[in-house]
Amino acid sequence: MSQKKNIIFGLSGIEVLPEERAFFQREQPLGFILFSRNIGSPNQVRELIQDLRSTVAHDAIPILIDQEGGRVRRLKPPHYREAKAAGEYAALSEKNITDAKTAIFLNHFLMGRELSELGINVNCAPVVDLLFEDAHSIIGDRSFGKDPHVVSILGEWAMVGLMAAGVLPILKHIPGHGRATADSHQDLPIISTELLALEQTDFIPFKKLAYSPLAMTAHVIVHDLDPVNPVTVSKKAIDYIRESIGFENIIITDDLSMKALSGTLGQRAEKSQAAGCDLLLHCNGKMAEMEEIAHHARFINTPVYDSLANWLDKCYSPEDLDATLAQYVSQESQDLELQLAKLLTN
């Protein structure tokens, strides 16, 4: 088995540049993440992914994207379907929770089918952070709502929809970003709510969905877990996620270049790994930053790689789904879109 580093990298544009190719071949990142700057026609995306795959020597290669729907989506019309924000389904759940669950499954199955056809096998969704009206708008309509039990149910159906299409979900942003009054892309949010209150609210969806194959950290300080360090670089917080929330699968950092984190990129990588994060994520495709992180990244350990490989190979098959959901899997996307539109307009 070839050695590979525990890092997911972005790239600068719609094709792999010669210097990027040489860098990826030398450093052997585990996988890649795509952004709008990398997206053109479906054929271009498929060719780009094939080219990225050719730069590394291992077989299980996660290709990530943020395709939540609404304002966080990298695939957009006219080449790609219109995917609505989680808030649309939260509103539907208040009227009819059964319709909302079906609609979320259909939306995420369609989303997953589209991603899978392009060669993308991991989606950075669903967001299971709770909605708080007095918080920063960075979460907002990306959330499935205010009720942690409803968010857990809707998040589960989103996960099932993606996995039924062969795409792995990533829970965001563990253990909860919803209360943050700052955008962690720009500042470091501090959540000072008492731990008991968080355990009865924000943490519930992550605990109920702890069987997810992957979860992405929140770049926030949760004061009662660690008053000094953001979750991503806090061993206390990561240990709590493992032991109390019960998340035993793969933890990936949010983007290490975000301004909520301090120190050099190398220090951020070192601290994240020391805290217990399994995978590092760097998104902007800037070569100097990637080189610095690669210098501090570790080779991925065999259990984590094997776990990811098994998840990528497994996902769900129609036999894993109940009869109601399985019957959707064999239908044409156009028919599913019509059923989804009907549910959303009822």
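A quick note: this is a predicted structure, and the numbers were derived from the prediction, not measured.

Reading the values: the criteria
Residues numbered from 1 in each chain as written. Predicted model: local features only at pLDDT ≥ 70, side-chain atom pairs only at ≥ 80, totals over all residues. Heavy atoms only, no water. Helix = DSSP H or I, 4+ residues; strand = E, 2+ residues; numbered from the N terminus. Rg over C-alpha atoms; globule rule 2.2 N^0.38 Å. Buried < 20%, exposed > 50% of the residue type's maximum accessible area, 1.4 Å probe, protein only. Contact = heavy atoms within 4.5 Å. Expected span 1.5 Å × (residues − 1). Arc of directions from axis to C-beta. Polar contact = N/O pair within 3.5 Å; in protein donor to acceptor, adjacent residues only side chain to side chain. Phe/Tyr/Trp six-rings, centres within 6.5 Å; stacked < 30°, edge-to-face > 60°. Core = buried A, V, L, I, M, F, W, Y, C linked by side-chain atoms within 4.5 Å. Pairing = 2+ DSSP bridges. Axes fitted to C-alpha atoms, helices over the stretch in contact; angles between N-to-C directions. Right-handed = clockwise from strand over helix to strand, strands pointing away.

Peer 1: Account for the overall build of the protein chain, with residues named and values stated.
Peer 2: Secondary structure assignment for the protein chain yields 13 helices and 12 strands. In terms of overall size, the protein chain behaves like a compact globule, its C-alpha atoms giving a radius of gyration of 19 Å where 346 residues would be expected to give roughly 20 Å. Dimensions of the protein chain along its principal axes, counting C-alpha atoms only, are 55 × 50 × 35 Å. The buried share among the 346 residues of the protein chain stands at 58%. At a minimum sequence separation of 6, the contacts of the protein chain that also span at least 24 residues come to 78%.

Peer 1: Tell me about helix 11 (residues 302-314), residues and numbers included.
Peer 2: The terminal C-alpha atoms of helix 11, which comprises 13 residues, lie 18 Å apart, in line with the 18 Å expected from a rise of 1.5 Å per residue. What helix 11 keeps buried is the set Val304, Tyr305, Leu308, Trp311 and Leu312. Along the axis of helix 11, the buried residues cluster in a sector spanning 130°; they form a single face. Opposite its buried face, helix 11 presents the exposed residues Pro303, Asn310, Asp313 and Lys314, each directed more than 90 degrees away. Two or three places before Val304, at the opening of helix 11, Asn301 has a side-chain oxygen 2.9 Å from that residue's backbone nitrogen.

Peer 1: Which residues make up the packing of aromatic side chains, and what are the values?
Peer 2: Within this structure, the stated rule accounts for 7 aromatic pairs. Ring centres of Phe105 and Phe109 lie 6.0 Å apart, and the angle between their planes is 5°; on these two criteria the pair is classed as stacked. Linking Phe105 with Phe109, this pair stays in helix 4 (residues 97-118), spanning 4 residues, or about one helical turn. Owing to a relative accessible area of 2%, Phe109 belongs among the buried residues under this scheme. Aromatic pair Phe105 and Tyr328: ring centres 6.1 Å apart, planes at 40°, arrangement tilted. A residue pair is termed long-range when its members are at least 10 positions apart, and Phe105 in helix 4 and Tyr328 in helix 12 (residues 323-329) qualify at 223 residues. Each member of the pair, Phe105 as well as Tyr328, is classed as buried.

Peer 1: With reference to specific residues and values, describe the nonpolar core.
Peer 2: Nonpolar side chains tend to gather and get buried jointly when the protein is soluble and globular. Among the nonpolar cores identified, the biggest contains 52 residues, and Phe105, Phe144 and Ile241 are the most heavily contacted of them. Elements supplying a minimum of two residues to this core: helix 3 (86-95), helix 4, helix 5 (148-164), strand 7 (168-174), helix 8 (235-245), helix 12 and helix 13 (333-345). Setting aside residues up to four positions removed in sequence, Ile241 forms contacts with Ile174, Pro175, Val231, Gly246, Phe247 and Ile251. Among the nonpolar cores identified, the runner-up in size contains 35 residues, and Leu48, Leu52, Ile61 and Tyr80 belong to it.

Peer 1: Can you tell me about the sheet that holds strand 1 (residues 5-9), naming the residues and giving the values?
Peer 2: Read from one edge of the open sheet, 8 strands run 11-9-7-6-3-2-1-12, paired in parallel fashion. For this open sheet the edge positions go to strand 11 (250-252) and strand 12 (280-282), each flanked by a neighbour on one side alone. Where strand 2 (residues 29-34) lies against strand 3 (residues 63-65), 3 bridges are found, and the strand directions are parallel. Pairing of Leu34 across the sheet is with Ile65, part of strand 3. Here helix 8 sits on the sheet in contact with strand 7, strand 9 (214-217) and strand 11, set at roughly 150° to strand 11.

Peer 1: So what's going on with the pairing of strand 2? Residues and values would help.
Peer 2: Counting buried positions along strand 2 gives 6 out of 6 residues, so the element sits mostly inside the fold. With 3 bridges connecting them, strand 1 and strand 2 associate as parallel partners. Pairing of Lys5 across the sheet is with Pro29, part of strand 2. For the handedness criterion, the β-α-β arrangement of strand 1, helix 1 (residues 18-27) and strand 2 is classed as right-handed. Considered for its hand, the β-α-β crossover made up of strand 2, helix 2 (residues 42-54) and strand 3 is right-handed.

Honestly, it's all geometry; don't read function into it.
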